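Here's the letter readout for the chains.
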Amino acid sequence: MNALPFFVNIKNVFTAGGTGGLAWHLHAAMSRERWLWTRTQIETHLFKGLELYCAQSAAQRDESKGKGKGKGERELVLIGASAGWMMSTRWLEEFTSIDAYDIDPLSPLLFKLNHAKALAKKGIEIRFHLLDAIDQLSRVLSKHPNALIWFDNVLGQHHIRLKDSALASTQLKILQRRLKGRFWGSVHDLYSGPVQRANDSKSGENVRGKLPMTLKVIRLDNSDQNSARVKVNGVETSLGQARQQFLQTLGATPAGQAWLDHETSKVFPTGTPLTWAGWDFKPNYCHCLEMGWTLD
Ligand SMILES: C[S@@+](CC[C@H](N)C(=O)[O-])C[C@H]1O[C@@H](n2cnc3c(N)ncnc32)[C@H](O)[C@@H]1O
């Protein structure tokens, strides 16, 4: 399925509206080692989601007296798949078919280089679709009514592509309504900005192991950015406070004022268990990723 006009495809090869393309592929290919810690966090989270999904499917099977979908028919929809630089091949191998959506024409070729050999060995079918899957989400959902949906580090770039933070924030807030009744998850940028770490070597390797680079977060209400109440590792505080403390832990100076807000703090319904994780995107530039799963 290629639903994008020719000239848009050409532009997307280079930057995908500032969200991917050649620049992303080159940076990702050269950053594999620095990103390893974060990739492992994402993999852990992906397997946790699969466990929840299987438990839910088993419960549905019981309800419909064994007529539900068996393990033999596990479908995945991957939105913003790119070349799967941050994706776990082991996790992909848990599915019987994969539908990968991206606006970047380079995505199919490079994704295959990274994952196809292992998937082919297991006979897993992967289909690529060149489509704006956020704009066309309803169409994607109805095409794959039984699939698990994973937004693969794409929602945090939506405001960059739209070049309109307010519009992106509104569209992302209503995404959860369009996904109602589906089992879905996402990893996305929450904040990003410059870091300076004491005792830091060039890569940040020395301090990474010692810092609590992940947090368990649950948003308790939908009030605005700073005043919203959240539980962080079981303790109630404000989102503003949690954000400031976590960014300082990552090495933001002095309190993360220069950091970019990716307009994603309301992507998940309130009450969704979330994980925040640091991502050393470049030597002195870090992202705070948010990951979650929901069946709401
Ligand atoms: C940061 S990259 C994703 C990285 C990817 N998950 C990986 O591990 O390599 C964001 C990707 O989302 C794609 N993208 C951006 N907006 C999109 C949309 N509306 N629909 C589908 N793909 C989109 C970009 O082309 C880019 O490949």
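Placed above this text is the structure.
First, a word on scope: everything that follows refers to the structure included in this document. This structure is a prediction, so every number in the text was calculated from the model and none was measured. (Residues numbered from 1 in each chain as written. Predicted model: local features only at pLDDT ≥ 70, side-chain atom pairs only at ≥ 80, totals over all residues. Heavy atoms only, no water.)

Next up on the list: helix α10 (residues 239-250). With twelve residues, α10 ought to run about 16 Å at 1.5 Å a step, and its terminal C-alpha atoms sit 16 Å apart, in line with that. Taken together, the buried positions of α10 are Leu239, Gly240, Ala242, Arg243, Phe246, Leu247 and Leu250. Along the axis of α10, the buried residues cluster in a sector spanning 160°; they form a single face. Looking at the buried side of α10, the elements it contacts are β5 (184-194), β6 (214-219), β7 (229-232), β8 (235-238), β10 (273-282) and β11 (285-294). (Helix = DSSP H or I, 4+ residues; strand = E, 2+ residues; numbered from the N terminus. Expected span 1.5 Å × (residues − 1). Buried < 20%, exposed > 50% of the residue type's maximum accessible area, 1.4 Å probe, protein only. Arc of directions from axis to C-beta. Contact = heavy atoms within 4.5 Å.)

With that out of the way, let us pick up the pattern of salt bridges. Within the structure shown, the criterion is met by six salt bridges. Measuring nitrogen to oxygen at the nearest pair gives 3.3 Å for the salt bridge that ties Arg90 to Glu43. Of this pair, Arg90 sits in helix α4 (residues 89-92) while Glu43 is found in helix α3 (residues 36-63), placing the two residues 47 residues apart along the sequence. On the basis of relative accessibility, which here comes to 18%, the residue Glu43 falls in the buried class. Linked through salt bridges whose partners overlap, the residues forming this network are Asp99, Glu125 and Arg127. (Salt bridge = Lys/Arg side-chain N within 4 Å of Asp/Glu carboxyl O.)

This part takes up empty space enclosed by the protein. Tallied over the entire structure, the rule returns two cavities of 30 Å³ or more. Estimated volume of the largest cavity: approximately 50 Å³. As for the largest cavity, its lining consists of Val217, Arg219, Val230, Leu239, Ser265, Leu274, Trp276 and Glu290. Listed by contribution, the elements that provide at least two residues to the lining of the largest cavity are β6 and β10. Taken together, the residues of the lining of the largest cavity sort by class into five nonpolar, one polar and two charged. In this model, the second largest cavity occupies a volume close to 30 Å³. Arg219, Ser265, Phe268, Pro269, Thr272 and Leu274 together form the lining of the second largest cavity. Residues of the lining of the second largest cavity, tallied by class, amount to three nonpolar, two polar and one charged. (1 Å grid on protein atoms, 1.4 Å probe; cavity = no way out; pocket = protein on both sides within 12 Å on 5 of 7 lines; lining within 4 Å. Points joined across faces, edges and corners; volume = space filled by probe spheres on them. Nonpolar A, V, L, I, M, F, W, Y, C, P; charged D, E, K, R; others polar.)

Attention now goes to the site of the ligand. Taken together, 21 residues lie around the ligand, and Trp85, Met86, Asp102, Asp132 and Asp152 are the ones closest in. In the environment of the ligand, an oxygen atom lies 2.6 Å from a nitrogen or oxygen atom belonging to the side chain of Asp102. Surface burial for the ligand is 99%, taken as the share of its 600 Å² of free accessible area covered by protein chains. By residue class, the composition of the shell around the ligand is ten nonpolar, six polar and five charged. (Near = heavy atom within 4 Å. Polar contact = N/O pair within 3.5 Å; in protein donor to acceptor, adjacent residues only side chain to side chain. Areas by Shrake-Rupley, 256 points an atom, 1.4 Å probe, with all protein chains shown as cover.)

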